[in-house]
Amino acid sequence: MLLNPFCPFGAAKVLALKATVLLLLTLLIKSRVQIATGSAIGIGLLLLQTLVFLAVSGGLVVAAGGAAFVATQQRRSAAA
């Protein structure tokens, strides 16, 4: 039986292909984890933005109500 002199090159090609597939699978899993983490961070930031918006709009309503109350009190005291 004769040995094929190109056999080590064939084995190197197969090992390189396996290493490439393993690397690509690792990168795919890593990107899926980053997408999930990014989505969680995005949802958290959206929730924070909504809460800040509600707090600011509530503060504006209170300020407008206070201004209307002060204006009403000044009119009553000026009329009396």
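Residues numbered from 1 in each chain as written. Predicted model: local features only at pLDDT ≥ 70, side-chain atom pairs only at ≥ 80, totals over all residues. Heavy atoms only, no water.

Chemist: I would appreciate a short explanation of the overall build of the protein chain in the present structure.
Modeler: Helix and strand content of the protein chain: 1 helix and 0 strands. As displayed, the protein chain offers around 7,300 Å² of accessible surface, 78% of which is attributable to carbon and sulfur atoms. (Helix = DSSP H or I, 4+ residues; strand = E, 2+ residues; numbered from the N terminus. Areas by Shrake-Rupley, 256 points an atom, 1.4 Å probe, with all protein chains shown as cover.)

Chemist: What is the right way to look at a nonpolar patch on the surface in this model?
Modeler: A cluster of nonpolar residues, Ile 41, Leu 45, Leu 48, Val 52, Val 56 and Leu 60, forms a patch on the protein surface that exposes about 580 Å² of accessible area. Along the chain, Leu 60 falls in helix α1 (residues 7–79). For Leu 60, a relative accessible area of 57% corresponds to the exposed category. (Patch = residues over 30% accessible without salt bridge, like charges linked within 9 Å, V, L, I, M, F, W, Y side chains within 5 Å. Salt bridge = Lys/Arg side-chain N within 4 Å of Asp/Glu carboxyl O. Buried < 20%, exposed > 50% of the residue type's maximum accessible area, 1.4 Å probe, protein only.)

Nothing here speaks to function; it is geometry throughout.
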